Amino acid sequence: MIARLPSPSVLRRATLAAALATALVACGDKPAPPQGGASADAAKAAAKASSDPSLVIAPPSLLERVKVAAVERKPVSEPLSVVGRIDFDEQSVARIGASVTGRVTELSGAVGQTVRPGQVLAQLHSTELGQAQLGYLKANAQRDLAGKAVERAKLLLAADVIGSAELQRRENELQVAQVEKRAAADQLRVMGMSPREIERTIETGAITSTSSVVATVGGVIVERKVNKGQVVQPADVIFIVADLARVWVIAQVPESQIGRVQPGQAVTVEVTSVPDPVTGRVAWVADTVNPETRTVTVRTEVPNPKRQLRPEMLANVSISPEPVERLVVPSSAVVRENNQEHVFVRAGDGRFRLTRVSLADETDGLRVVQSGLKGGEQIVVDGAFHLNSERLRAQTEGS
């Protein structure tokens, strides 16, 4: 019996069936794909965090210690810091000079000496003063003579010896003599003589060429500009006396910032040699700008009871302007790394990104944002230190 071969179509179907069976067997050997989309996302996030050094994933135990808040604007009185210098309170400074031209014969005032008003600081010998006293004595004698002439004229008029015109002439001479006497007395007062000394000149008829230089205010002698034997004139300054219980602080504020400064604002003054800062208030803001430095002069008056602040000392002046709305972050949110400041911005799903920022100095627990944030971002305001420690730990273990 002869066997019959299968037809070509049957062979093709058999070959296809065998190939399909082989493919099914091969697929059955492969592992099943992972189940659950959450596990896949977590794996991807972990891989991404390990490759991004600024990104950190907070474990649940750490999330409980982290507090997040939005970056917002708040009114902040951002201090304005400028350089200043200590100066005299011009209302308590006296530049004392001689009242007459003369030669210095005695000097009793010394630099650093505390003086009271009316205290004699120097003695001068002045021929000019002697001549003025002589002129006063002559004017006084002329006035007495004219007065007696009027009295005689009145008697003669009563006896019908002279006419009324003669009496009027002599009365006019008396008035002129009185005016000349008053003018001579005024001249002596200008030269420093007191009314009692002027009266004594008339009583004794004595002329003195000694003139005293006295303190016109109480305070400390901060400068003496003459020596014994030197000739001085009324225009010369011999002593400078200042009351240093109160001093001025003169600061130069850039014209771009002067709009923030107003009289009455609080000022803190720090001097290197003084351990504690001194506080005061802005007393005056200049109306003009220095064309060379483009600054405006600001004056502050501060107490100086211990005399620790000395004129011409340099000082750091911090002015507290009126509060303005600024973008701020709390100081507790700031992390400092590599000499730069950062905050952690929430990236979602327990992830936080270390973001570099530029901040101003701290004011009442807040830092003004200069760059790096726009506002509205969710940042870590409490627990940033622990979060940064977790980031560094993850980097160390990953390496």
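This text goes with the structure placed above it.
Residues numbered from 1 in each chain as written. Predicted model: local features only at pLDDT ≥ 70, side-chain atom pairs only at ≥ 80, totals over all residues. Heavy atoms only, no water.

K.L.:
With reference to specific residues and values, describe the overall build of the chain.
P.N.:
The number of helices and strands found in the chain is seven helices and 23 strands. The 399 residues of the chain split such that 35% are buried. Long-range pairs, those at least 24 residues apart, make up 74% of the contacts in the chain between residues at least 6 apart in sequence. Surface accessibility of the chain: about 24100 Å² in total, with carbon and sulfur atoms responsible for 53%. (Helix = DSSP H or I, 4+ residues; strand = E, 2+ residues; numbered from the N terminus. Buried < 20%, exposed > 50% of the residue type's maximum accessible area, 1.4 Å probe, protein only. Contact = heavy atoms within 4.5 Å. Areas by Shrake-Rupley, 256 points an atom, 1.4 Å probe, with all protein chains shown as cover.)

K.L.:
Run through the environment of alanine 266, naming residues and quoting values.
P.N.:
With respect to the helices and strands, the residue alanine 266 is situated in strand S14 (residues 266–270). Sequence separation between alanine 266 and serine 318 is 52 residues; the distance between their C-alpha atoms is 8.5 Å. Not counting residues up to four positions away in its chain, the partners in contact with alanine 266 are Gly280, Arg281, Ser318, Ile319 and Ser320.

K.L.:
Give a detailed account of the pattern of salt bridges, specifying residues and quantitative values.
P.N.:
Tallying each qualifying case throughout the model produces 19 salt bridges. Put simply, arginine 353 and aspartate 52 hold a salt bridge, and the shortest N to O gap is 2.6 Å. Separated by 301 residues along the polypeptide, arginine 353 in strand S21 (residues 351–363) and aspartate 52 in the loop between helix H2 (37–51) and strand S1 (55–57) bring together distant segments of the chain. Judged by relative accessible area, arginine 353 falls into the partly exposed class, the value being 30%. Classification of aspartate 52 by relative accessible area gives buried; the value is 18%. (Salt bridge = Lys/Arg side-chain N within 4 Å of Asp/Glu carboxyl O.)

K.L.:
If you had to explain helix H5 (residues 164–190) to someone new, which residues and values would you point to?
P.N.:
Taking 1.5 Å of rise per residue, the 27 residues of H5 would be expected to cover 39 Å, and the 39 Å separating its terminal C-alpha atoms lies within 8% of that figure. Of all the residues in H5, the buried ones are Leu167, Arg170, Leu174, Ala177, Ala184, Ala185 and Leu188. Just downstream of H5, glycine 192 is the residue with a positive phi angle, here 100°. (Expected span 1.5 Å × (residues − 1).)

K.L.:
Explain the nonpolar core to me, using residue names and the numbers behind them.
P.N.:
Side chains that are nonpolar tend, in soluble globular proteins, to be buried together. Counting residues in each nonpolar core, the largest one holds 30 residues, and the members touching the most others are Val253, Val261, Val298, Leu309 and Ile319. Those residues within four positions of valine 253 in sequence are excluded, and the remaining contacts are Leu80, Val82, Ile258, Val261, Thr295, Val296, Val298 and Ile319. Listed in part, the 16 residues of the second largest apolar core include Ala98, Val115, Leu124 and Val232. (Core = buried A, V, L, I, M, F, W, Y, C linked by side-chain atoms within 4.5 Å.)

K.L.:
Please give an account of the sheet that holds strand S5 (residues 93–97) that cites residues and values.
P.N.:
An order of S5-S12-S10-S7 is seen for the four strands of this open sheet, with the pairing classed as antiparallel. Each end of this open sheet is capped by a strand with a single partner; those strands are S5 and strand S7 (114–115). For S7 and strand S10 (residues 219–224), the ladder comprises two bridges, and the chain directions are antiparallel. Paired with threonine 114 across the two strands is valine 220, which belongs to S10. (Pairing = 2+ DSSP bridges.)

K.L.:
How would you sum up the packing of aromatic side chains? Please name residues and give values.
P.N.:
The description of an aromatic ring pair rests on the distance of the ring centres and on the angle between the ring planes. In total, this model carries zero aromatic pairs according to the counting rule given. When the ring centre of tryptophan 248 is taken as reference, the NZ or CZ atom of arginine 299 above it lies at 4.2 Å. (Phe/Tyr/Trp six-rings, centres within 6.5 Å; stacked < 30°, edge-to-face > 60°. Lys NZ or Arg CZ within 6 Å of the ring centre and 35° of its normal.)

K.L.:
Lay out the sheet that holds strand S9 (residues 210–214) in plain terms, naming residues and giving numbers.
P.N.:
Strand order in the open sheet formed by four strands is S9-S8-S6-S11, with antiparallel pairing between adjacent strands. Because the sheet does not close on itself, it has two edges, and the strands there are S9 and strand S11 (231–232). Note: strand S8 (residues 120–125) against S9, five bridges, orientation antiparallel. In the sheet register, histidine 125 faces S9, and the bridge partner there is threonine 210.

K.L.:
Tell me about the packing of helix H4 (residues 127–158) against helix H6 (residues 195–204), residues and numbers included.
P.N.:
Interaxial distance between H4 and H6 falls to 10 Å at its minimum, and their mutual angle equals 65°. As H4 runs across H6, the sense of the crossing is right-handed. Of the residues in H6, those touching H4 at Tyr136, Leu137 and Asn140 are Ile198, Thr201 and Ile202. In terms of residue class, the contact of H4 with H6 is made up of four nonpolar, two polar and no charged. (Axes fitted to C-alpha atoms, helices over the stretch in contact; angles between N-to-C directions. Left-handed = near helix turned anticlockwise from the far one by under 90°. Nonpolar A, V, L, I, M, F, W, Y, C, P; charged D, E, K, R; others polar.)

K.L.:
Any chance you could break down the environment of valine 100 for me, citing the residues and the numbers?
P.N.:
Looking at the element boundaries, valine 100 is found in the loop between S5 and strand S6 (102–107). Look at valine 100 and you get buried, because its relative accessible area is 0%. Distance in space between the C-alpha atoms of valine 100 and leucine 129 is 6.8 Å, their sequence separation being 29 residues. In this structure valine 100 touches Leu124, Ser126, Glu128, Met191, Ser211, Val232, Gln233 and Pro234, once residues within four positions along its chain are discounted.

K.L.:
Provide a residue-level description of the packing of H4 against H5, including the pertinent values.
P.N.:
At a closest axis distance of 8 Å, the pairing of H4 and H5 adopts a crossing angle of 160°. Classed by the angle they form, the pair H4 and H5 counts as roughly antiparallel. Here H4 and H5 pass one another in a crossing that is left-handed. For the contact of H4 with H5, the class distribution of residues is 16 nonpolar, eight polar and eight charged. (Parallel < 35°, antiparallel > 145°, perpendicular 65-115°, else oblique.)

K.L.:
How would you summarise the pairing of strand S12 (residues 237–242) if you had to cite specific residues and measurements?
P.N.:
The buried count for S12 comes to five of six residues, which makes it a mostly enclosed element. Bridge analysis of S5 against S12 gives five bridges, and the strand direction is antiparallel. For alanine 94, the partnering residue across the bridge sits in S12 and is valine 241. Judged from the four bridges that link them, S10 and S12 form a sheet pairing that is antiparallel. Its bridge partner lying in S12, isoleucine 221 is registered against valine 241.

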